[in-house]
Amino acid sequence: PVELLERRVTFFGKDGKVLVASSPSRSDNTGIIALWRDGDQRLLAVKCRECGEYWTPGFGEDRKPTLSHLYRPESCDEETARREARLVCPNCGGLHGDRDKAALLRAGVWVPAGMSVDKSGGLIGTPPAGRKRSYWFNGLLNPFVPIGDLAAQLTAAERHFEVSGEETTLRTVTNTVLGIPYRAAADGAEPLVADDFDDRRDAYAVRTVPAGVAYLVATVDVQGNRFAVLVRGFAADGESWAIDRFDITAPARGEGDIRPAERSEDWQELLPRVMRRVYPLADRPGWGMPVAVTVIDTGGMDGVSDKAREFWMFARREGVPAFQLMMIKGATLTTAPMVGRPTYATVDGKPNKRAYHWWMLGTHELKNTLFNRLQPGPGALHFPAAWEKRWFEELTAEEKRKGRWERIRRANESWDLEVYALAASLRLAPERIDWSNPPVWARPVEIDTARAK
């Protein structure tokens, strides 16, 4: 668009102008950042009311974005941040509040790259060549957003990220409130390897639900000759435990093989062996927890989408509520939301919400969040002591390179299954549920423990 506009204004000669404005959202120096770098790269310098020196709030001496100029008490909550937040001068440590902001802006000086400003507000140095003027305004000086409100939003977003590993809120605040590009935690981080999990297994049994689990999610990845299955239990706050991992490679009757892309009857194995599975509770003998939601990937090989749709209708005829089936496809855009709205089959050109439907997943952002949750800390994923090494190999089969997730090993089923489980937990929105009176799909049931195992 910018190139097209530049061609259009050539008719006006030296009076032709193109104005481009945007919040910076890309951390790879493309987009609006590239256009800013193509101009004279001006930053707004303000005069400290304590020492009289000029400084650029939100940017360091290297002209890169920084949060060091926003003062907040260490490890404070959002209301404390709202009350105590100030802008701090890097030269003398002088604090500036909202009452000072108007004066700071009035005395502000736009400083191009390669130049500086003296105490009188005069520019020193040689201005860059070229006719393009580019300005980067940091949100710390936004006259319409109090410093305390900005600090509170940032603090709340940081706390949400620390607990959940989800970066969406923090990215939004960073990009649109602060006006600086957000860099995902996985960008540039050391990739995980299977050996990283050797000392991170927990002392609970496979196929048993530990105390604290509020509901179970089963996920299914469709392969050419099998269904890969994961069952994960989630607490209300997002913490989760791996419960079971297995492949369905043959019918329950023990004859023949599984061909999901070719035979509709093979999909029917999922109903008793996954969807209606009940797992015993570790702290409540004789009771178990049913699978709340089953997520099934419908993309990939030719024929899978049609067979998935046939199975959805079969399961509904067998009495499975539509809520408990989550058919999914992966979105190609890296900017796609983690869990989009469902897409319904149409009847007479109109969406029929009682008919077959599927959910588009923003797998790029889901993988970022999964990578964060695989680190030790709040919201971390737990694995039992008997979890097989090959499943950790599959879990670490993708790395983030140049901003995109790439497969480095062929077998990555466990990684994909964990992505689907995360999507299901986000769709269920457990933070909105009153867990003192859990919904029907999350309530334990009496079982024959031996049969359930």
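What counts as what
- Residues numbered from 1 in each chain as written.
- Predicted model: local features only at pLDDT ≥ 70, side-chain atom pairs only at ≥ 80, totals over all residues.
- Heavy atoms only, no water.
- Buried < 20%, exposed > 50% of the residue type's maximum accessible area, 1.4 Å probe, protein only.
- Helix = DSSP H or I, 4+ residues; strand = E, 2+ residues; numbered from the N terminus.
- Contact = heavy atoms within 4.5 Å.
- Salt bridge = Lys/Arg side-chain N within 4 Å of Asp/Glu carboxyl O.
- Phe/Tyr/Trp six-rings, centres within 6.5 Å; stacked < 30°, edge-to-face > 60°.
- Lys NZ or Arg CZ within 6 Å of the ring centre and 35° of its normal.
- 1 Å grid on protein atoms, 1.4 Å probe; cavity = no way out; pocket = protein on both sides within 12 Å on 5 of 7 lines; lining within 4 Å.
- Points joined across faces, edges and corners; volume = space filled by probe spheres on them.
- Nonpolar A, V, L, I, M, F, W, Y, C, P; charged D, E, K, R; others polar.
- Arc of directions from axis to C-beta.
- Polar contact = N/O pair within 3.5 Å; in protein donor to acceptor, adjacent residues only side chain to side chain.
- Pairing = 2+ DSSP bridges.
- Patch = residues over 30% accessible without salt bridge, like charges linked within 9 Å, V, L, I, M, F, W, Y side chains within 5 Å.
- Areas by Shrake-Rupley, 256 points an atom, 1.4 Å probe, with all protein chains shown as cover.

Concerning helix α10 (residues 363-373)
Stage number 1. Counted residue by residue, α10 has 11 buried out of 11 residues, so it is predominantly covered.
Stage number 2. Those residues of α10 that fall on the buried side of the exposure criterion are Thr363, His364, Glu365, Leu366, Lys367, Asn368, Thr369, Leu370, Phe371, Asn372 and Arg373.

A few points about the side chain of glutamate 365
Stage number 1. Inspection of the secondary structure assignment puts glutamate 365 in helix α10.
Stage number 2. With sequence-adjacent residues up to four places away left out, glutamate 365 is seen in contact with Glu167, Thr168, Arg171 and Met338.

Focus on the side chain of serine 164
Stage number 1. Tracing the backbone shows serine 164 in helix α5 (residues 147-164).
Stage number 2. Look at serine 164 and you get buried, because its relative accessible area is 7%.
Stage number 3. Ignoring sequence-local partners within four residues, the contact set of serine 164 consists of Thr369 and Arg373.

A look at the pattern of salt bridges
Stage number 1. Using the criterion set out here, one finds 32 salt bridges in the structure.
Stage number 2. For lysine 389, the salt bridge is made with aspartate 195, and the minimal N-O distance between the two is 3.0 Å. Pair noted here: lysine 389 is in helix α11 (residues 389-395) and aspartate 195 is in the loop between α6 (168-178) and β10 (201-202), with a separation of 194 residues, a long-range link.
Stage number 3. For aspartate 195, a relative accessible area of 48% puts it in the partly exposed group.
Stage number 4. Taking the shortest distance from any N to any O, the salt bridge between aspartate 247 and arginine 245 comes out at 2.9 Å.
Stage number 5. Taking relative accessible area as the criterion, aspartate 247 reaches 28% and is therefore assigned partly exposed.
Stage number 6. Residue classification places arginine 245 among the buried positions, given a relative accessible area of 5%.
Stage number 7. Salt bridges linked by common partners bring Arg226, Arg245, Asp247, Glu394 and Glu413 together as one network.

Examining the packing of aromatic side chains
Stage number 1. For the structure on display, the rule yields 21 aromatic pairs.
Stage number 2. Relative to phenylalanine 12, the ring of phenylalanine 11 lies with its centre 5.3 Å away and its plane at 90 degrees, an arrangement referred to as edge-to-face. For the pair shown, phenylalanine 11 and phenylalanine 12 are each scored as exposed.
Stage number 3. With a centroid separation of 5.9 Å and an interplanar angle of 10 degrees, the aromatic rings of tyrosine 215 and tryptophan 435 are classed as stacked. Taken together, the positions of tyrosine 215 in strand β11 (residues 215-223) and tryptophan 435 in the loop between α12 (413-428) and β24 (445-446) put the pair 220 residues apart, joining distant regions of the chain.
Stage number 4. One aromatic cluster in this structure is built from Phe197, Phe383, Trp387, Trp391 and Phe392.
Stage number 5. The positively charged end of arginine 232 is found above the aromatic ring belonging to phenylalanine 383, 5.1 Å away from the centroid.
Stage number 6. Between the NZ or CZ atom of arginine 277 and the centre of the ring of phenylalanine 246, over which it lies, the distance is 5.6 Å.

A word on the layout of surface pockets
To locate leftover empty space, one rolls a probe as large as a water molecule over the atoms.
Stage number 1. Taken as a whole, the largest pocket encloses approximately 1100 Å³ of empty space.
Stage number 2. Lining the largest pocket we find 34 residues, and of these Val18, Leu19, Val20, Arg133 and Ser134 sit closest to its centre.
Stage number 3. Contributing elements (two or more residues each) for the lining of the largest pocket: α1 (2-8), α2 (32-38), β9 (135-136) and α6.
Stage number 4. Among the elements that line the lining of the largest pocket, the one with the most residues is α2, at five residues.
Stage number 5. Here the residues of the lining of the largest pocket sort into 16 nonpolar, 11 polar and seven charged.
Stage number 6. Taken as a whole, the second largest pocket holds about 860 Å³ of empty space.
Stage number 7. Breaking the lining of the second largest pocket down by element, the ones donating at least two residues are α6, α10 and β22 (398-401).
Stage number 8. For the lining of the second largest pocket, the element with the most residues is α6, which contributes four residues.
Stage number 9. Among the residues making up the lining of the second largest pocket, the classes are represented as six nonpolar, 11 polar and 10 charged.

Observations concerning helix α4 (residues 98-106)
Stage number 1. For α4, the full list of buried residues reads Asp100, Lys101 and Leu104. Along the long axis of α4, the arc covered by the buried residues comes to 115 degrees, so they all point the same way. Opposite the buried face of α4, at more than 90 degrees from it, the exposed residues are Arg99 and Arg106.
Stage number 2. Elements in contact with the buried residues of α4: β1 (42-47), β5 (95-96) and α5.

Some remarks on the environment of serine 425
Stage number 1. Its place among the elements puts serine 425 in helix α12.
Stage number 2. Overall, serine 425 belongs to the buried group, its relative accessible area being 6%.
Stage number 3. A sequence separation of 192 residues divides serine 425 from glycine 233, and the C-alpha atoms of the two residues are 9.6 Å apart.
Stage number 4. Within the structure, the side chain of serine 425 is placed 2.7 Å from the backbone oxygen of leucine 422, a separation counted as a polar contact.

Points about the pairing of β22
Stage number 1. Here β22 runs beside strand β23 (residues 404-407); their pairing, made up of four bridges, is antiparallel. Across the sheet, arginine 401 pairs through a bridge with arginine 404, a residue of β23.
Stage number 2. From the end of β22 to the start of β23, which pair antiparallel, there are two residues, and lysine 402 there has a positive phi angle of about 55 degrees.

Comments concerning a nonpolar patch on the surface
Stage number 1. Where nonpolar side chains cluster on the molecular surface, the patch consists of Leu5, Val18, Val20 and Leu35 and spans about 270 Å² of accessible area.
Stage number 2. With respect to the secondary-structure elements, leucine 35 resides in helix α2.
Stage number 3. Leucine 35 gets classed as partly exposed once you look at its relative accessible area, which sits at 35%.

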